[in-house]
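Report on the structure
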Amino acid sequence: MTIFSRVLGTGSYLPEKVLTNGDLEGMVDTTDQWIRERTGILKRHVAGPDETCVDLAEAAARNALDAAGLKPTDIDLIVMATTTPDQVFPSSACLLQQRLDIHGCAAFDVQAVCTGFVYAVAVADKFIRTGTSKCALVVGAETLSRLLNWEDRGTSVLFGDGAGAVILGASDEPGIISTHLHADGAYKDLLQVPAGIGNGQRGSPFMEMRGNEVFRVAVTTLGRIVDETLEAAGMDQADIDWLIPHQANIRIIQATARKLNLPMDRVVVTVDEHGNTSAASIPLAFDQAVRDGRIRRGETLLMEAFGGGFTWGSVLLTY
Ligand code: COA
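Residues numbered from 1 in each chain as written. Predicted model: local features only at pLDDT ≥ 70, side-chain atom pairs only at ≥ 80, totals over all residues. Heavy atoms only, no water.

Observations concerning the sheet that holds strand E1 (residues 4–13)
One open sheet accounts for five strands, arranged E1-E7-E6-E4-E5; its pairing is mixed. Each edge of the sheet is formed by a strand with only one pairing partner; in this case those strands are E1 and strand E5 (106–110). The mean inter-strand angle of the sheet, taken between neighbouring strand axes irrespective of direction, is 20°. With respect to the sheet, helix H3 (residues 53–68) is in contact with E1, strand E4 (77–81), strand E6 (135–143) and strand E7 (161–171), its orientation differing from that of E1 by roughly 125°. (Pairing = 2+ DSSP bridges. Helix = DSSP H or I, 4+ residues; strand = E, 2+ residues; numbered from the N terminus. Axes fitted to C-alpha atoms, helices over the stretch in contact; angles between N-to-C directions. Contact = heavy atoms within 4.5 Å.)

Quick look at the structure:
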């Protein structure tokens, strides 16, 4: 019998503190109008001084467990996508496991920057399909505000903090139809945080981005991943009920929607409210659209993301 993974529940969490474009006008040489027109962002949430990435992840995970009607002890795999782990080690997945008071199951982080959640779902899906796991907690959580140079208007206006989670369970019907992952490290200099462990922590600890170049590669690459995903499934554009894109810039999202011939009311958009929350953006958007009743059981969803590395990928699923 073929085993598939199905979404049993979704959850999310946003820090209380909100930073509007107006607030940013007082911090850096920018305007509300520029940010709205070039990115579609109106505001973003920012973690408080004592709030960590694992705090956000825990809240989203508990929210998803409640939605699935499950207990932490039902989980037998934790995969956490983050670019902003609380510590170098233990992994954030292990810290989350400790918070949830579950013991012994596999728990590890996946680092694919803004494509992190797509990577994490793809990995968890393979654990479930092979019969290794029956119930996986997959989290995307970020405190990207801590990687920002707040004086750099090219990055500080774009990002926000948050967390989203899904519970994937083994099922004899799909569920996840296919996942597609790619990376090309040749683009490492276009989007990076130079500091690290291997180089003795030399280099800036803040994000550096050549935004214009990233934008161009993102649009063409996401167009290609849409084609690849539909072709692999033998589907066409009309089979997709909802696009849940990574939320970086409304103009990138609109370009992918055009490629799919999807009207914008079939695209889940949160970039206006959340900014770019990196690995958290897709599960945050997914959870929002499930909870407000837009996305219903049986509908076909396409998730796609692009991020530092570069990395990119997609998940096609029946909800
Ligand atoms: N406020 C006001 N002006 C700004 C600004 C800001 N926050 N940031 C840049 N500008 C200025 C630039 O200095 C430039 O001025 P100039 O024409 O006098 O040189 C002008 O606005 C246009 O800059 P440009 O970088 O060409 O704008 P853009 O239309 O490409 O928009 C981004 C910039 C960053 C919003 C856009 O390139 C983008 O979204 N890129 C992708 C980023 C991304 O998705 N990264 C994460 C991938 S997961």
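Moving on from the model shown.
Points about the site of the ligand
Of all residues adjacent to the ligand, which total 23 residues, the nearest are Thr30, Arg38, Arg153, Asn212 and Asn249. Measuring from an oxygen atom of the ligand, one finds a side-chain N or O atom of arginine 153 at 2.9 Å. In isolation the ligand offers 950 Å² of accessible surface; the protein chains occlude 72% of this area. Assessed atom by atom at 2 Å from the grid points, the ligand resides in the largest pocket. Elements represented by at least two residues in the shell around the ligand include exactly helix H2 (32–39), helix H7 (211–233), helix H8 (250–259) and strand E12 (300–307). By residue number, the principal contributor to the shell around the ligand is H7, which donates four residues. When we break the shell around the ligand down by domain, the ones giving at least three residues each are domain 1 (4–173) and domain 2 (177–318). (Near = heavy atom within 4 Å. Polar contact = N/O pair within 3.5 Å; in protein donor to acceptor, adjacent residues only side chain to side chain. Areas by Shrake-Rupley, 256 points an atom, 1.4 Å probe, with all protein chains shown as cover. 1 Å grid on protein atoms, 1.4 Å probe; cavity = no way out; pocket = protein on both sides within 12 Å on 5 of 7 lines; lining within 4 Å. Sits in = over half its atoms within 2 Å of the grid points. Domains from an automatic or database assignment.)

Digging into a nonpolar patch on the surface
Taken together, the side chains of Val88, Phe89 and Ile197 make up a nonpolar region of the molecular surface, amounting to roughly 380 Å² of accessible area. One can find phenylalanine 89 in the loop between E4 and helix H4 (92–99). (Patch = residues over 30% accessible without salt bridge, like charges linked within 9 Å, V, L, I, M, F, W, Y side chains within 5 Å. Salt bridge = Lys/Arg side-chain N within 4 Å of Asp/Glu carboxyl O.)

Description of the domain arrangement of the protein
Quoted interface sizes are often the accessible area lost when the parts come together. Each assigned domain of the protein is listed with its residue range as follows: domain 1 (4–173) and domain 2 (177–318). A separation of 14 Å is found between the C-alpha centroids of domain 1 and domain 2. Facing 55 residues of domain 1, the contacting portion of domain 2 comprises 46 residues. Seen at the junction of domain 1 and domain 2, the total is zero salt bridges. At the surface where domain 1 touches domain 2, the tally comes to 23 residue pairs in polar contact (both at pLDDT 80 or more). Elements with a contribution of two residues or more to the side of domain 1 that touches domain 2: E1, H2, strand E3 (43–45), H3, helix H5 (116–129), E6, helix H6 (153–156) and E7. In terms of residue count, the dominant contributor to the side of domain 1 that touches domain 2 is H5 (nine residues).

What to know about the packing of aromatic side chains
In this structure the tally under the stated criterion is four aromatic pairs. Summarising the aromatic geometry, the rings of phenylalanine 286 and tyrosine 319 are spaced 5.7 Å apart at their centres and angled 80° between planes, so their arrangement reads as edge-to-face. Here phenylalanine 286, found in helix H10 (residues 281–291), pairs with tyrosine 319, found in the segment after strand E13 (311–318); they are 33 residues apart in sequence, far enough to count as distant. Each member of the pair, phenylalanine 286 together with tyrosine 319, is buried. Summarising the aromatic geometry, the rings of phenylalanine 306 and phenylalanine 310 are spaced 4.6 Å apart at their centres and angled 50° between planes, so their arrangement reads as tilted. Take phenylalanine 306: its relative accessible area is 6%, and that puts it in the buried class. Judged by its relative accessible area of 1%, phenylalanine 310 is buried. A connected cluster of aromatic rings, assembled from ring pairs, spans Tyr187, Phe306 and Phe310. Positioned above the aromatic ring of tryptophan 242 is the side chain of arginine 266, whose terminal nitrogen or guanidinium carbon lies 4.2 Å from the ring centre. Here the guanidinium or amino end of arginine 297 rests over the ring plane of tyrosine 319, the centre of that ring lying 3.9 Å away. (Phe/Tyr/Trp six-rings, centres within 6.5 Å; stacked < 30°, edge-to-face > 60°. Buried < 20%, exposed > 50% of the residue type's maximum accessible area, 1.4 Å probe, protein only. Lys NZ or Arg CZ within 6 Å of the ring centre and 35° of its normal.)

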